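Observations on the model geometry
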Amino acid sequence: MPEWLQAGGWGLLAGSALVIGAAIGYLVRIPRHAVASVMAFGAGVLLSAVAFELISEADDRGGMMPTVLGAVAGALIYTGCNVLLARRGARHRKRSGDQQPSEQQQAGSGTAIAMGALLDGVPESIVIGTSLLGGGAVGLVTVAAVFISNVPEGLSSAAGMRNAGRSPRYVFGLWIAIALISGLAAVAGYTLLGGAPAAVLAAVTALAAGAILAMVADTMIPEAFESAHLLIGLVTVAGFLVAFGLSQAGR
């Protein structure tokens, strides 16, 4: 099988976790504290993946300067786009409660939420494609971390969409589309950057890491601590250590 097709398959696999999470969140009434727990676990997983996979890999490839510049650029781009989408109704797109506005409350919020979901998912998928350029373990660890974190993301967001009165067609159409786009983004990351210099690959990897870190802080952590209980910090650490264990096992 061509390597670019493998990259697309891994991206699609990671993106499919969003559909799984969305199905659980939309069809099953899950207590808020349970949603907060799984979101905390997913946040811990992504924090670990950023620290021990993406930033570390970027530094190994290109050194400190491309890594820092890429991470800052990723955070700035994500934050800028997120601010624009938040003004159009996508501010609480990953919240499971009643924070998401309905289309009647804010016209155009459905489109903004869809664009926000795309903004959240694309950096993860691109980095899956670029990580596979090294061939092997690093890419698989990244895929596993993204897959694990995508389940609570889809779960929480879909629960909020249900509470906002959005139809099953909208919810599942959105997440299936994001899963497909995740596969295409992974292909793009692999094919477009296959011959890029090490410094460029480092900057792109760090850019994705910066965007993911900004996304975790802006959309996942607030949901995780909305219905905080005494074990929420422990759950976050558990997610962090699971991803760290995957990282070490792949070396």
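Residues numbered from 1 in each chain as written. Predicted model: local features only at pLDDT ≥ 70, side-chain atom pairs only at ≥ 80, totals over all residues. Heavy atoms only, no water.

1. Considering the overall build of the chain
Operational definition: Secondary structure elements follow DSSP: runs of H or I of four or more residues count as helices, runs of E of two or more count as strands, with numbering from the N terminus. The cut-offs for exposure are 20% and 50% of the maximum accessible area for each residue type, with area from a 1.4 Å probe on protein chains only; residues under the lower value are buried, those over the upper are exposed, and the others partly exposed. By definition in these notes, contact holds between two residues if any of their heavy atoms fall within 4.5 Å. Accessibility throughout is a Shrake-Rupley quantity obtained with a 1.4 Å probe, and a residue counts as covered only by protein chains that appear here.
Check the secondary structure of the chain and you find 8 helices and 0 strands. Going residue by residue from the N terminus, the α and β elements of the chain occur as α-α-α-α-α-α-α-α. Relative to its 251 residues, the chain shows a buried fraction of 48%. Long-range contacts, defined as pairs at least 24 residues apart, comprise 86% of the intrachain contacts of the chain with a sequence gap of at least 6. When the accessible surface of the chain is split by element, carbon and sulfur atoms take 72% of a total near 10,600 Å².

2. Let's talk about the packing of helix α3 (residues 64-90) against helix α7 (residues 198-224)
Threshold: Fitting a line to C-alpha atoms yields each axis, with helices limited to the stretch in contact; the angle taken between N-to-C directions then spans 0 to 180 degrees. When describing relative orientation, an angle under 35 degrees is termed roughly parallel and one over 145 degrees roughly antiparallel, while 65 to 115 degrees is termed roughly perpendicular and anything else oblique. In a left-handed crossing the near helix is turned counterclockwise from the far helix by less than a right angle, and in a right-handed crossing that turn is clockwise. Residue polarity follows a fixed list, in which Ala, Val, Leu, Ile, Met, Phe, Trp, Tyr, Cys and Pro are nonpolar, Asp, Glu, Lys and Arg are charged, and the others, Gly among them, are polar.
Running from amino to carboxyl end, α3 crosses α7 at an angle of 40 degrees, the nearest separation of the two axes being 6 Å. Here α3 lies oblique to α7, going by the angle between them. Considering only the axes of α3 and α7, their crossing is right-handed. Taken together, the residues of α7 that come into contact with α3 (itself represented by P66, T67, G70, A71, A73, G74, A75, I77, Y78, T79 and N82) are A199, A202, A203, A206, L207, G210, A211, A214, M215, D218 and T219. Broken down by class, the residue content of the contact of α3 with α7 amounts to 14 nonpolar, 7 polar and 1 charged.

3. Looking at the confidence of the model for the chain
The line we're drawing: The predictor's confidence in any single residue is recorded as pLDDT, a number from 0 to 100.
Scored by pLDDT, the chain comes out at a mean of 86, with 95% of its residues at no less than 70. Within the chain, no element has a lower average pLDDT than helix α5 (residues 137-163), which sits at 82, and none a higher one than α3, at 93.

4. Regarding the packing of aromatic side chains
Worth spelling out the cut-off: Any two of the Phe, Tyr and Trp rings considered here, Trp counted by its six-membered ring, make a pair once their centres fall within 6.5 Å; the pair's planes then place it as stacked at under 30 degrees, edge-to-face at over 60, or tilted in between.
This model, assessed by the stated rule, comprises 3 aromatic pairs. Ring centres 5.7 Å apart and planes at 70 degrees place the aromatic pair Y26 and F172 in the edge-to-face group. Pair noted here: Y26 is in helix α1 (residues 3-27) and F172 is in helix α6 (residues 168-192), with a separation of 146 residues, a long-range link. A ring pair is formed by F52 and F244, whose centres lie 4.7 Å apart and whose planes are at 55 degrees; its orientation type is tilted.

5. As for a nonpolar patch on the surface
Worth spelling out the cut-off: Patch members must show over 30% relative accessible area and no salt bridge, and they are joined within 9 Å when carrying like charges or within 5 Å when they are nonpolar side chains of Val, Leu, Ile, Met, Phe, Trp or Tyr. Salt bridges are defined by distance alone: a side-chain nitrogen of Lys or Arg within 4 Å of a carboxyl oxygen of Asp or Glu.
Together, I20, I24, L27 and V28 make up a nonpolar patch on the protein surface, roughly 350 Å² of accessible area in all. With respect to the element layout, L27 can be found in helix α1.

6. Here's the deal with the environment of G173
Secondary-structure assignment places G173 in helix α6. It is 27 Å that separates the C-alpha atoms of G173 and T191, two residues lying 18 residues apart in sequence.

7. Focus on the pattern of salt bridges
Taken as a whole and judged by the stated rule, the model has 3 salt bridges. Residue R91 is joined to D218 by a salt bridge in which the shortest nitrogen-to-oxygen separation is 3.2 Å. Remark: D218 occurs in helix α7 and R91 occurs in the loop between α3 and α4 (109-131); sequence separation between them is 127 residues. Salt-bridge contacts for D120 lead to R93; the nearest nitrogen and oxygen are separated by 2.9 Å. Here R93 lies in the loop between α3 and α4 and D120 lies in helix α4, a separation of 27 residues in the sequence. The exposure class of D120 is buried, given its relative accessible area of 3%.

8. Some thoughts on the UniProt feature "transmembrane region" (unreviewed entry) in the chain
Quick reminder of the rule: UniProt positions are given in the numbering used here, feature names are shortened, and annotations may be inferred rather than shown by experiment.
Under the UniProt annotation, the feature "transmembrane region" (unreviewed entry) is placed at residues 6-28, 35-55, 67-86, 170-192, 198-216 and 228-246. Between the C-alpha atoms that bound residues 35-55 the distance is 28 Å, and the span itself is 100% helix and 0% strand. Note that residues 170-192 is 100% helix and 0% strand, and that its end C-alpha atoms are spaced 32 Å apart.

9. Re the packing of helix α2 (residues 32-62) against α7
One can describe the packing of α2 onto α7 by two numbers: an axis separation of 9 Å at closest approach and a directional angle of 165 degrees. Considering their axes alone, α2 and α7 lie roughly antiparallel with respect to each other. Judged by the sense of rotation from one axis to the other, the crossing of α2 with α7 is left-handed. Tallied by class, the residues present in the contact of α2 with α7 amount to 24 nonpolar, 3 polar and 3 charged.

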